[in-house]
Amino acid sequence: MKINTIKTQAYNDQEPGTSGLRKKVPVFQQSHYLENFVQSVFAIADDITGQTMILGGDGRYYNKQAIQIILKMAAANGVAKMIVGQHGLLSTPAASALIRKHQAVGGLILSASHNPGGPNADFGIKFNISNGGPAPTSFTEPVFKFSQTISEYKIVDTDDIDLSSTGQHTMGDMVIDIIDPVDTYAELMAQLFDFNRIRSMFESGFSMRFDAMHAITGPYAIEILENQLGAESGTVMNGKPLEDFGGGHPDPNLVHAHDLVTALSGNSQHDFGAASDGDGDRNMILGKNFFVTPSDSLAVMAANAHLLPGYKNGLSGVARSMPTSAAVDRVADQLGIKCYETPTGWKFFGNLLDASKITLCGEESFGTGSDHVREKDGLWAVLFWLNLIAVKQQSVEQIVKDHWARFGRNYYCRHDYEAINSQIADELMSRLRDSLVSLKGQTFGDYSIENCDDFCYTDPVDNSISENQGIRLLFTDGSRIIYRLSGTGTEGATLRVYIEKYEADVARQNEDTQQALNALITIADTVASIKKLTGRETPDVIT
Ligand code: VG1
Ligand code: CO
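Draft legend 1. Layout of the coordination of the cobalt ion (ligand 2). Donor atoms from the polypeptide that bind the cobalt ion (ligand 2) are Ser113 (OG), Asp277 (OD), Asp279 (OD) and Asp281 (OD), placed at 2.0 to 2.1 Å. One chain supplies every donor for the cobalt ion (ligand 2), spaced along it as S-x163-D-x1-D-x1-D. A relative accessible area of 0% means that aspartate 277 is categorised as buried. Its relative accessible area of 3% is what places aspartate 281 among the buried residues.

Draft legend 2. Broad picture of the site of ligand 1. Residues in close proximity to ligand 1 total 21 residues, the closest being Thr18, Ser113, Ser365, Gly487 and Thr488. The side chain of serine 486 places a nitrogen or oxygen atom 2.6 Å from an oxygen atom of ligand 1. In the environment of ligand 1, an oxygen atom lies 2.6 Å from a nitrogen or oxygen atom belonging to the side chain of arginine 496. Among the residues forming the shell around ligand 1, the class breakdown is no nonpolar, ten polar and eleven charged.

Draft legend 3. Molecular detail of the packing of helix 10 (residues 294–304) against helix 13 (residues 378–392). Contact geometry for helix 10 and helix 13: axes closest at 11 Å, N-to-C directions at 55°. Taken together, the axes of helix 10 and helix 13 are oblique relative to one another. Note on packing geometry: the crossing formed by helix 10 with helix 13 is left-handed. Touching Ser297, Val300, Met301 and Asn304 of helix 10 are Trp380, Ala381, Phe384, Trp385, Leu388 and Lys392, all from helix 13. Counted by class, the contact of helix 10 with helix 13 contains seven nonpolar, two polar and one charged residues.

Draft legend 4. Structural view of the nonpolar core. Counting 74 residues, the largest nonpolar core has Met189, Phe193, Phe210, Phe272, Trp380, Trp385 and Leu386 as the members making the most contacts within it. If you tally residues by element for this core, the top one is helix 13, at eleven residues. Lining this core are residues from two domains, each supplying at least three of them: domain 1 (3–180) and domain 2 (185–407). In this structure phenylalanine 272 touches Phe206, Ser207, Met208, Arg209, Leu264, Ile285, Leu286, Val382, Trp385, Leu386, Ile389 and Val396, once residues within four positions along its chain are discounted. Counting residues in each nonpolar core, the second largest holds 45 residues, with Tyr11, Ala45, Ala66 and Ile69 among its members.

Draft legend 5. Representation of unusual backbone geometry. The phi dihedral of histidine 32 falls on the positive side, at around 65°, and the residue is not glycine. For histidine 32, the location among the structural elements is in the loop between helix 1 (25–28) and helix 2 (33–44). Unusually for a residue other than glycine, serine 113 sits at a positive phi of about 55°. Inspection of the secondary structure assignment puts serine 113 in the loop between strand 5 (106–110) and strand 6 (122–129).

Scoring rules and cut-offs
- The numbering scheme is per chain: residues are counted from 1 as the chain's sequence reads.
- Each chain takes a letter, starting from A, and each ligand takes a number, starting from 1, following the order in which they are written.
- Only residues with pLDDT of 70 or above have their local features reported here, since the model is predicted, and side-chain atom pairs are shown and tallied only from 80 upward, although totals for entire chains, interfaces and linings are computed over all residues.
- With hydrogens and water stripped out, all remaining heavy atoms of the structure feed into the side-chain values.
- Sites may look incomplete because water is not among the atoms; the donors themselves are N, O and S atoms within 2.8 Å of the metal, or within 3.2 Å for Na, K and Ca.
- The classification of residues rests on relative accessible area computed with a 1.4 Å probe and restricted to protein chains. Under 20% of the type maximum is buried, over 50% is exposed, and intermediate values are partly exposed.
- Whether a residue is near a molecule or strand depends on its heavy atoms: it is near if one of them lies within 4 Å of it.
- Under the rule applied, a polar contact is a pair of N or O atoms within 3.5 Å (in protein, one hydrogen donor and one hydrogen acceptor; residues adjacent in sequence only if both atoms are side-chain atoms).
- In this classification, the charged set is Asp, Glu, Lys and Arg, the nonpolar set is Ala, Val, Leu, Ile, Met, Phe, Trp, Tyr, Cys and Pro, and all remaining amino acids, among them Gly, are polar.
- All axes are obtained by fitting lines to C-alpha atoms, using only the stretch in contact for helices, and the reported angles, taken between N-to-C directions, cover 0 to 180 degrees.
- Comment: elements are numbered from the N terminus, with helices defined as DSSP H or I runs of at least four residues and strands as E runs of at least two.
- Roughly parallel here means an angle under 35 degrees, roughly antiparallel means over 145, roughly perpendicular means 65 to 115, and every remaining angle is called oblique.
- Should the near helix be turned counterclockwise from the far one by less than a right angle, the crossing is left-handed, whereas a clockwise turn marks it as right-handed.
- Working rule for contacts: check all heavy atoms of both residues, and any pair within 4.5 Å makes them a contact.
- Nine residue types can take part in a nonpolar core, namely buried Ala, Val, Leu, Ile, Met, Phe, Trp, Tyr and Cys, and a core is a set of them joined through side-chain atoms within 4.5 Å.
- Boundaries between domains were set according to an automatic or database domain assignment.

The values reported here are purely geometric and, on their own, carry no functional implication.
Right, dumping it as structure tokens:
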């Protein structure tokens, strides 16, 4: 089979963000754009010659075309075996599990996660390393550098592969194994959780709804929840993956997963609700008329993990991203284990998991996971909660309220200002940075700033340093306000403001979140002049 070396011109914008390279589809469709990035990854990856790799995506628009291009490039670059999900589908956590199971050198995941899909919406590509986790900055930086001077790439000249049925094909010297995308993942879940107990709970009338948001988790949730665990048919809503996610925003939060929120509201006959995002790594957990913040979900999991089969020996430690609420820190304190605080992005958990310093970790952005893979894992979190409810025989609301009574409540919310002018966003952040010295010690009403900084993280395993990871205002009573710019958007800049307040008094734990945080929300605006600089009166999304 003929290997062609194609001349190309470098692009200057192929810098991966928080989670891979994300751009609008028309950007990826530019001549040689995808090819340049893939060749740059192959150039920087450990010797891929003769190795196995994993390939799949969340099914969004351009997934199929991209897979065919990547297969031909992998064959030309000497990859021995490519394991691909049927129809080109793999959830992010399933891809992570497959990399680990097959001792692959890495994997390519095609997704822009929670961003919308379609011909004019978003596409993305991410490389995961041999531990199954997102490549660290020490990998993505050289990839970006390489992409800026690339002049040629390799590709074989051959027909497309039929991805519609499982089985083996060859492409030149490379074997292509098309596998069921769900099997390996479902087996792993059955090892971690008590499927019999969850099945009995469904048999005795427990009812739930899972919103797959027309994204990747549909087939996974139908197989695991309905087929294996016996949840009634129809439990999985929006279960068919669509290239444009049905026109929706596959982001599992109260705004975008409105079908699910409606199903669990009012006089709902359901006990439990959950949703996942475009690529299956996020989760939202709902009880009847009750929303569990992701930060609380992580804390509840940490406090109760020992009750579940996969975690019966307890936790070695936990970690949370810096903007995630400190609810889990309080649990770690009581358990006598360490809690690590990392920058935003799952890639920072990889070293801690590999070194067995932590067992569970999570982010405020609807992401929780454990050492079973090296990605956050949406359905895993849902199964964790199901198993926990089956053990405790309590409602979601009761579990969370008991948790608050024991550990206190961290009122928490995030305000997103989307697609604001990038220059204004940069100015807002640099003004904040400049005011750090004078902010320290200032008092605003009941709140005094004890400390403030631009978060800098030193990885405890490899000592690598990540600077400028978000401005933190730390108040004397433990309250926090954090500002950072998103690294996953494709349009202008998105400002994220994270606000948190601790409440130990059980009598004061039932306030509305925005109400409880009202004073801090005002301070957040005063300090950063958000309204004045952006011209926005309110955030676009509140989670
Ligand atoms: C966002 C979240 C972050 C998450 C990342 C990838 O990043 O805040 O916590 O790890 O998305 O999640 P940012 O830079 O936009 O704040 V996913 O589900 O896109 O893989
Ligand atoms: Co995702």
